[in-house]
Amino acid sequence: MLRNQVQELVEQAVIAGQADASLPAIEMPQVEIARPKQPEHGDYSTNIAMVTAAAIRKATESKPNPRQIAQAIVDHMPDDPLISAAEIAGPGFINLRLAEEWLQEQVAAIVAAGDEFGTIDQGAGQRWQVEHVSANPTGPIHYGGARNAVLGDTLANVLEAAGYEVQREFYVNDGGTQFRLFIETLYARYAQLLGRDEPIPADGYQGDYMLDYAQQIVEEAGDRFLRMPRDAALTELRPLGRALVLVSLEEELAGMGVRYDNWFSEQTLYDEGLIEQSLNYLQERGELVKRDGAVWFLASNYPKHEKDVVVIRSNGQPTYFAGDIAYHYDKFLRRHFDKVIDVWAVDHQGHVPRMNAMMQAFGLDPDRLVILMYDLVKLIEDGKEKKLSKRAGNIITIQEVVEQVGADALRFNLLTRGPESTIEFDMDLAVREAKENPVFYVQYSHARICSMLDKARKAGFAPAAEFDEMDHSVLALLSQPSELALIRKLLEMEEQIATAVEKLSPHNLTYYAMDVAKAFNSFYRDARVIDPDAPALSQARVYLSQATQVVLARTLGLLGITAPQEMWRDDVEIDE
RNA sequence: GUCCCGGUAGCUCAGUGGAUUAGAGCGCUUCCCUGCGGAGGAAGAGGUCGCAGGUUCGAGUCCUGCCCGGGACGCCA
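The residue numbers shown here count from 1 along each chain, following its written sequence. Lettering for chains starts from A, numbering for ligands starts from 1, and both go in the order in which the items are written. Given that the model is predicted, a residue must reach a pLDDT of at least 70 before its local features are reported, and side-chain atom pairs must reach 80 or more before they are shown or counted; all residues, however, enter totals for whole chains, interfaces and linings. To obtain the side-chain values, all non-hydrogen atoms of the structure were used and water was disregarded.

Novice: Could you clarify how one ought to interpret the pairing of strand β3 (residues 83-89) in this entry?
Specialist: Successive residues of a regular strand alternate their side chains across the two faces of the sheet. With 6 bridges joining them, β3 and strand β4 (residues 93-98) adopt antiparallel strand pairing. In the sheet register, A85 faces β4, and the bridge partner there is R97. The criterion for strand pairing is that DSSP finds at least two bridges linking the strands in question. For helices the rule is a DSSP run of H or I covering at least 4 residues; for strands it is a run of E covering at least 2, with both sets numbered from the N terminus onward. The turn linking β3 back onto β4 is made up of 3 residues, and G90 within it adopts a positive phi angle of 55°.

Novice: Mind showing me how you'd approach helix α13 (residues 398-405) here?
Specialist: Along an α-helix, residues three or four apart share an orientation, since each turn contains 3.6 residues. Residue burial is assigned from relative accessible area. The probe radius is 1.4 Å, only protein chains are included, and a residue is buried under 20% of its type maximum, exposed over 50%, and partly exposed in between. Looking at α13, one finds that the buried residues are I398, V401, V402 and V405. Buried residues of α13, seen end-on, are gathered within an arc of 100° and therefore sit on one face of the element. We call two residues contacting when some pair of their heavy atoms lies within 4.5 Å. Residues of α13 that are buried in the fold lie against α5 (143-161), α8 (230-254), α14 (407-414), β15 (423-426) and α15 (427-434). Positive phi shows up at G406, right after α13, with a value of about 95°. The directions considered for the arc run from the helix axis to the C-beta atoms.

Novice: I'm lost on the protein's contact with RNA strand B in this one. Help?
Specialist: Close to RNA strand B lie 61 residues, the nearest being R313, H351, Y444, R448 and M567. Backbone atoms, meaning sugar and phosphate, make up 57% of the atoms of RNA strand B lying within 4 Å of the protein. Within the contact set of RNA strand B, a base oxygen lies 3.5 Å away from a side-chain nitrogen or oxygen of Q38. Each polar contact in these results corresponds to two N or O atoms within 3.5 Å; when the atoms are within protein, one needs to be able to donate a hydrogen and the other to accept it, and residues that are neighboring in sequence are counted only if both atoms are side-chain atoms. Contact between RNA strand B and H507: a phosphate oxygen at 3.1 Å from a side-chain N or O atom of the residue. The near set for a molecule or strand comprises every residue that places at least one heavy atom within 4 Å of it.

Novice: What is the right way to read the nonpolar core from this model?
Specialist: Soluble globular proteins tend to pack their nonpolar side chains together in the buried interior. What we call a nonpolar core is a set of buried Ala, Val, Leu, Ile, Met, Phe, Trp, Tyr and Cys residues that are connected through their side-chain atoms within 4.5 Å. Core analysis: the biggest nonpolar cluster contains 155 residues, and I73, Y143, L159, L253, I341 and F425 have the highest contact counts within it. Looking at this core, the element that brings in the most residues is helix α20 (residues 535-559), giving 11 residues. Not counting the four nearest positions on each side in its chain, L159 is found in contact with W128, V130, Y164, V166, I341 and V501.

Novice: What is the right way to read the pattern of salt bridges from this model?
Specialist: Think of it this way: side chains of opposite charge can pair up when their charged atoms draw near. Counted as salt bridges are all cases of a side-chain nitrogen of Lys or Arg within 4 Å of a carboxyl oxygen of Asp or Glu. If you walk through the whole model with that rule in mind, you get 24 salt bridges. A salt bridge links E87 to R97, with the nearest nitrogen and oxygen atoms 3.1 Å apart. Here the residue E87 occupies a position in strand β3, and R97 occupies one in strand β4, the gap between them amounting to 10 residues. Note on E87: relative accessible area 33%, which makes it partly exposed. Its relative accessible area of 26% is what places R97 among the partly exposed residues. Between R242 and D174 there is a salt bridge; the shortest N-O distance is 2.7 Å.

Novice: Looking at this structure, how should I read the packing of aromatic side chains?
Specialist: Any aromatic ring pair is given by two values, namely how distant the centres are and how the planes are angled relative to each other. Working definition: a ring pair exists when centres of Phe, Tyr or Trp rings (six-membered ring for Trp) sit within 6.5 Å. Plane angles under 30 degrees give stacked, over 60 give edge-to-face, the rest tilted. This structure, assessed with the given rule, holds 17 aromatic pairs. Taking the centre distance of 5.4 Å and the plane angle of 85° together, the rings of F170 and Y260 count as edge-to-face. Taken as a pair, F170 in strand β6 (residues 165-172) and Y260 in the loop between α8 and β7 (262-265) lie far apart in primary sequence, 90 residues in all. No difference in accessibility class separates F170 from Y260, as the two residues are buried. By the ring-pair criterion, three or more aromatic residues cluster together here, those being F179, F182, Y209 and Y213. Against the face of W296 rests R291, its NZ or CZ located 5.2 Å from the ring centre. In this structure, R354 packs its charged tip against the face of F321, placed 5.5 Å from the ring centre. By definition, being over a ring means that NZ of Lys or CZ of Arg is both within 6 Å of the ring centre and within 35 degrees of the ring normal.

Novice: Help me understand the environment of P137, please; the structure alone is not making it clear to me.
Specialist: With respect to the secondary-structure elements, P137 resides in the loop between β5 (127-131) and α5. Each C-alpha atom of the pair P137 and L249 lies 7.8 Å from the other, and the pair is 112 residues apart in sequence.

Novice: Before we go on, may I ask you to explain the sheet that holds strand β2 (residues 44-46) in this structure?
Specialist: Adjacent strands of a sheet form backbone hydrogen bonds with each other and so pair up, either parallel or antiparallel. On the basis of which strands lie adjacent, the open sheet formed by 4 strands has the order β1-β2-β4-β3 and antiparallel pairing. Whereas interior strands pair on both sides, the edge strands pair on one side only; in this sheet they are β1 (33-34) and β3.

Novice: Please explain the sheet that holds strand β8 (residues 288-291) as it appears in this structure.
Specialist: Pairing is antiparallel in the open sheet, where 3 strands are placed in the order β8-β9-β10. Edge positions in the open sheet fall to β8 and β10 (309-312), since each of these has one partner strand only. Direction aside, the axes of adjacent strands within the sheet are offset by 45° on average. Under this scheme, a helix contributes an axis fitted over its contacting stretch, all axes are lines through C-alpha atoms, and angles between N-to-C directions fall in the 0 to 180 degree range. On the sheet, helix α10 (residues 274-284) packs against β8, β9 (294-297) and β10 and is oriented at approximately 95° with respect to β8. In the packing of helix α11 (residues 320-334) onto the sheet, contacts are made with β9 and β10, and the angle to β10 comes to roughly 80°.

Purely spatial values, then, with no claim about function.
Okay, here's the thing in structure tokens:
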């Protein structure tokens, strides 16, 4: 990665400076490379001189001058085609400028990398799992689940781009009370459709969608389940109801581009004895105790966890947390993921400490489990919050929002904010604003490039793929400010991916996409790409446009958003 | 009561301890189509970064307290 290359050069300078005693032989602080806000401050800068000065001051009580330290580092900067200038500025910053020739050459590198541009090998084949959404399999997913889905899915994309092997998993809560109520409701609706007066359970699911599911059962099985005892019918309905609801969940999520590698059934934890096995494991390690007729996990043994947690109720039933223990036992001790990211809504925040304690009780590094929390989505209607409940059948579904706003705009919108922000969602506003969504600006730029490259091809300026070998010599002609600014912006991609991975919040990529589009549009305004009178320059600009197309397509791809070849306004009024 | 997360432009939100000017989108104002897609470009107005202390060479960013908003504190899931 570019930033790392720059960092290494500075580190080499530091070592060289120490070798000839221009710099004191102390242990040097880590060199941090930043991107200055102001372009006059170069492409990269480092505060290493000031940090070093502070370290020396602390160690020796002398008063070193940061600018002198900076000078020593600058004097020892190795010659490298990457860097054209290293300047000292302000209190002791070292500002580094990328060489123009090197920048120009990168256009070829981007085009050559194509779909792979931006990929970094940080993950080095580590196996990570991202478990997300995991909504109860009892009906359509609430709009809040869309946030979870988009966050998890995009994060998984980004991790893959960073070289991690990622499994996307949906935990199907088919072992607990809610799923039982769902099946009982399904049975009731089924019986009602066949004319029997069967009440929906008290806490059952009131939504109309249950009638659709019941109707499908009727079509598949006729009245078969009425001709057996209720308990037997409920048992047989479980797999059928599960299949129905999973198909609709899968469709709903696919509607916004979210797909899974694995749907993990909670029930299998019971069926395969994993609850018992994982609890035995904890028992052997002395982490469980029997008290008041129940079995407790001694979470209070671990820092920050004051309370113990019940895993087996006094009635012998395991708690939901017992399922979590077994599930994560399976993730780490059977499937051996290097790292697991669970994407949870903030209302589960109280469970995080016990998950951390659980990891330690397993004898595992708690950092291998990351609970990624996102805040709620509140529904606003007529300026007021609307309370929703799936059980009451009163929810805004993902599908509704996708239909009204569009999957691309929805994903982009959800990814313009950090996970911790609370989202107030107003459907009317969203529909009104959908057309103004910046995602179209990005997509439009991409379509515009595609169309223009097409025209270029016809004019005899072929994009690189159609050459056996790219003509690098023309790239040196890309020397206008807006051309170089665009190249610089394109080269940020690896760092943007690294940032998204580091902070486990990929929303910076949406801003990056807008930046790239903006840089391209400025370039496009300033520079005429197809100009028969200047064939070499035209060819160079075609390459640059192509590189931009590569970056936009890749960035949109990571965000799970389509990169259209063309798009036309369909709502333009034709004047006169 | 304890703990967690927010509070940045009219609105929706970004912002890795840095550099006399804190950013984007939308909205608002003014310009730019005889040149490849105007869903565009150039510029402008708009801010006590909730409040008060502290740490430091340097704070929107870290620490403490307070105010406001949201959430969590079950043998529920």
